[in-house]
Amino acid sequence: MVTLRSCVLLLSVIGSQIQGHSIPHNKELIHSDYSKDGVIRCFHDNSQTISTDHIIKKLSHCGHHRVEIWNNNDQFIDIQMSIKKFNKIDKISKKLGMNCNVMIENLNTVIQDTLPQNKRDNEILMQMLMDYPIRTDDEMFNMETNRGIHTKLTEYFFQEYRDLQSLQIWFNVLQQWFPNILTLKSIGKTSQGNDLNVLEINVNNVEKNPKGKTIVITGGTHSREWISISTVCYIMFSLLNDYDMGINGEDNILNSLNFIFAPTLNPDGYEYTWVEDRLWRKNRQDTGNLDCPGFDLDRTFGYHWQATNEFPCSGNYNGDMPFAAMESSLWDTYIQENFKRHHDHRLYGFIDFHSYSQEILYPFTYSCDELPNDIENLLELAFDLSKTIRKFSGKQYDVVQSCKDRDADINPTGGSGSMLDYMYDKGAHWSYQIKLRDTGNHGFLLPPSYIHPVGREGTRIVQAMCDFLLNPPNWN
Ligand SMILES: [Zn+2]
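Scope of this entry: the structure provided in the associated data block. A quick note: this is a predicted structure, and the numbers were derived from the prediction, not measured.

Let us look at the sheet that holds strand S3 (residues 76-82). Across the sheet, 4 strands lie side by side as S2-S3-S1-S4; this open sheet has antiparallel pairing. Whereas interior strands pair on both sides, the edge strands pair on one side only; in this sheet they are strand S2 (68-72) and strand S4 (99-104). Neighbouring strand axes in the sheet, compared pairwise and without regard to direction, differ in orientation by 25° on average. With 5 bridges connecting them, strand S1 (residues 37-43) and S4 associate as antiparallel partners. The partner of Arg 41 across the bridge, within S4, is Asn 101. Where helix H3 (residues 89-96) meets the sheet, it contacts S1, S3 and S4, and its direction lies at approximately 130° from that of S4.

In structure tokens form, the structure reads like this:
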């Protein structure tokens, strides 16, 4: 058992180490070499829409073998490719019939900036978290002291991205800090033997939440989008801590809504991004092709799932049947069991956090011709959230129909099998996918200094969504 004095001492040691940047990069992380890659942005000519497939084909024809699309919207497309070709950027522009410029010159440098600066700090912090889990009988440890230390430890926790093992420790610690309202569950094992974890928050206020209305919040579906994982963890701690501190008293949102958090929906992929390939997107499951494992989880859900012409080596591979990915299949079982008809829990809202591009996406993904029956409600809340963020942090988040994000307006199978559509269909009628910061300067590779500000932004989004749902504006 650590004492208060040793705890404070350790915190100050960590603090001074974190502030001093004399320690070299972590040498144990071996990553795919992206030193020859960068990212360019090419702007669409407004008079014509070009499909992602078409662009990849054109670039592949002129010898750009490793071409990957990072983001595509109605204004521009971001393309990862060899930097050797960057001195021929005018030629590329001409070939594609688009104006192109360089966004990221050297991917390796930007990748390095996302990794922890010092492995020892992480070890000390994790040891402290494990040693200091609960309220003790020691009279030095009163409630206030505990809260203060929890907050301090959490502040350090969010100064770096944390690997899967550290997150698992943190989940266990949270359960010990908030034993009466938080339940950590594994809903099954993935193909690599990792737990697929959910954290359920339920304060059991039957008076204020008689129907057990539940908001589900997920992150990490695409493993390279680390900011989505840290943000979901950040939101979860903020809600728990606010409730524990008595913020808003009876009006605290946890009295009126239950929550389910799944910060790491793709644990195998996430683990892989830490040890092998920082830019890995899919899970790590066998596809039948030994060289190309992995399904894109967000295309494997069984609502309007369709076969596509993608091969296992594609970053968008969706399998040859719905729920081919173990994670989506386990999730389906969990949702069905948890929200059976007449059960005392009711699926109500859903946010699936991704990155990047600062967008609020609403259903449907599978088709741009179909709109949800309650589209007006969905749009009203989406624009409300966008305005809230603008007021809070000055950042612009655009409201976009999810199908457009997938080219589904020009490629009929492109929007197949999304988690957003699936959750909407299962009854979460307030469903969004939110793509967090930034707008492309770092893309999927936000430095750790973004964890706190984006975490605060995410928390504000969830609070605003709950306020809107609990106090609907002028509905008759
Ligand atoms: Zn994503």
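Moving on, there is more to tell.
Right, let's get into the state of the cysteines. Working definition: the covalent bond between the sulfur atoms of two cysteines is a disulfide. Throughout the structure, instances matching the rule amount to 3 disulfides. Across the disulfide from Cys 42 sits Cys 100; the S-S distance is 2.1 Å. Disulfide Cys 42-Cys 100: torsion about the S-S bond near 110°, hence right-handed. Of the two residues, Cys 42 sits in strand S1 while Cys 100 sits in strand S4, which places them 58 residues apart along the sequence. A residue is classified by how much of its surface remains accessible, and Cys 42, at 0% relative accessible area, is buried. Here Cys 292 connects covalently by a disulfide to Cys 313, the sulfurs 2.0 Å from one another. Linking Cys 292 and Cys 313, the disulfide has an S-S dihedral of approximately 80° and is accordingly described as right-handed. Of the two residues, Cys 292 is situated in the loop between helix H10 (267-275) and helix H11 (326-338) and Cys 313 in the loop between H10 and H11; the sequence distance between them amounts to 21 residues. Residue Cys 292 is classed as buried on the basis of its relative accessible area of 11%.

The contact between helix H6 (residues 143-157) and helix H7 (residues 164-177) brings their axes to 13 Å, and the two run at 165°. As far as their axial angle goes, H7 and H6 are roughly antiparallel. Seen along the crossing, H6 lies across H7 with a hand that is left-handed. Packed against H6, whose contacting residues are His 150, Leu 153, Thr 154 and Phe 157, the element H7 presents Ser 166, Leu 167, Trp 170 and Trp 177 at the interface.

Right, let's get into unusual backbone geometry. The amide bond that connects Ser 355 to the next residue, Tyr 356, takes the cis arrangement and shows omega of -5°. Note on placement: Tyr 356 falls in the loop between strand S9 (346-355) and strand S10 (359-362). In this chain, Pro 363 is followed by Phe 364 through a cis amide linkage whose omega measures 5°. Relative to the helices and strands, Phe 364 is located in the loop between S10 and helix H12 (375-393). For Asn 248, which is not a glycine, the phi torsion comes out positive at approximately 70°. With respect to the helices and strands, the residue Asn 248 is situated in the loop between helix H8 (226-244) and helix H9 (253-256). Residue Asn 248 is classed as exposed on the basis of its relative accessible area, which comes to 57%.

This part is about the coordination of the zinc ion. Binding of the zinc ion to the protein goes through His 222 (ND1), Glu 225 (OE), Glu 225 (OE) and His 354 (ND1), at separations of 2.1 to 2.4 Å. Coordination geometry of the zinc ion: the 4 donor atoms subtend angles of 55 to 146° at the metal centre, consistent with an arrangement described as irregular. Mapping the donors of the zinc ion onto the primary sequence gives the spacing H-x2-E-x128-H. Highlighted residues: Glu 225 in the loop between strand S7 (213-218) and H8 and His 354 in strand S9, separated in sequence by 129 residues. Here the two residues Glu 225 and His 354 agree in accessibility, since each one is buried.

With that settled, the discussion passes to the packing of aromatic side chains. The way to describe two aromatic rings as a pair is by their centre distance and the angle between their planes. With the rule as written, the count across this model stands at 28 aromatic pairs. Aromatic side chains Phe 157 and Phe 158 sit 5.3 Å apart centroid to centroid with 85° between the ring planes, which places their arrangement in the edge-to-face category. As far as the burial class goes, Phe 157 and Phe 158 line up, both buried. Pairwise contacts between aromatic rings join Phe 157, Phe 158, Trp 170, Phe 171, Trp 177, Phe 178, Tyr 234 and Phe 237 into one cluster.

With that out of the way, let us pick up the pattern of salt bridges. Opposite charge on two side chains lets them pair, provided their charged atoms get close. In this structure the tally under the stated criterion is 15 salt bridges. The partner of Lys 185 in a salt bridge is Glu 200, with the nearest N and O atoms 3.0 Å apart. Pair noted here: Lys 185 is in strand S5 (residues 182-189) and Glu 200 is in strand S6 (residues 195-201), with a separation of 15 residues, a long-range link. The class for Lys 185 is partly exposed, based on a relative accessible area of 33%. For Lys 435, the salt bridge identified is with Asp 405, shortest N-O distance 2.7 Å. Residue Lys 435 is located in strand S12 (residues 430-436), and its partner Asp 405 is located in helix H13 (residues 402-405); the two are separated by 30 residues in the primary sequence. Among the charged side chains, a salt-bridge network with shared partners connects Lys 119, Arg 120 and Glu 123.

Core analysis: the largest hydrophobic core is formed by 98 residues, its most contacted members being Trp 170, Phe 259, Phe 261, Trp 331, Phe 353 and Met 423. Counting residues per element, this core draws most heavily on H8, which supplies 11 residues. Two domains each donate at least three residues to this core, and these are domain 1 (1-30 + 116-160) and domain 3 (233-470). Among residues more than four places away in sequence, those in contact with Trp 170 are Leu 129, Thr 154, Phe 157, Phe 158, Cys 233, Met 236 and Phe 237. Grouped together as the second largest cluster of nonpolar side chains are 16 residues, Ile 40, Cys 42, Ile 77 and Met 98 included.

The next thing to look at is the sheet that holds strand S11 (residues 398-401). Sheet strands pair by backbone hydrogen bonding; their relative direction is either parallel or antiparallel. Reading across the sheet, the 8 strands line up as S5-S6-S8-S7-S9-S12-S10-S11 and stay open at both edges, with mixed pairing between neighbours. In the strand order of this sheet, the two ends are held by S5 and S11, each with one partner. Across the sheet, the mean angle from the axis of one strand to that of its neighbour is 20°, orientation sign disregarded. Two elements, S9 and S12, share 7 bridges in a ladder whose sense is parallel. Residue pairing across strands places Phe 353 opposite Ile 434, the latter belonging to S12. Lying over the sheet, H8 contacts S5, S6, S7, strand S8 (258-262), S9 and S12, oriented at roughly 150° with respect to S8.

Reading guide: rules and limits
Residues numbered from 1 in each chain as written. Predicted model: local features only at pLDDT ≥ 70, side-chain atom pairs only at ≥ 80, totals over all residues. Heavy atoms only, no water. Pairing = 2+ DSSP bridges. Helix = DSSP H or I, 4+ residues; strand = E, 2+ residues; numbered from the N terminus. Axes fitted to C-alpha atoms, helices over the stretch in contact; angles between N-to-C directions. Contact = heavy atoms within 4.5 Å. Disulfide = S-S within 2.5 Å. Buried < 20%, exposed > 50% of the residue type's maximum accessible area, 1.4 Å probe, protein only. Parallel < 35°, antiparallel > 145°, perpendicular 65-115°, else oblique. Left-handed = near helix turned anticlockwise from the far one by under 90°. Donors = N, O, S within 2.8 Å, 3.2 Å for Na, K, Ca; no water. Tetrahedral: all angles 85-135°; square planar, octahedral: opposite > 155°, others 65-115°. Phe/Tyr/Trp six-rings, centres within 6.5 Å; stacked < 30°, edge-to-face > 60°. Salt bridge = Lys/Arg side-chain N within 4 Å of Asp/Glu carboxyl O. Core = buried A, V, L, I, M, F, W, Y, C linked by side-chain atoms within 4.5 Å. Domains from an automatic or database assignment.

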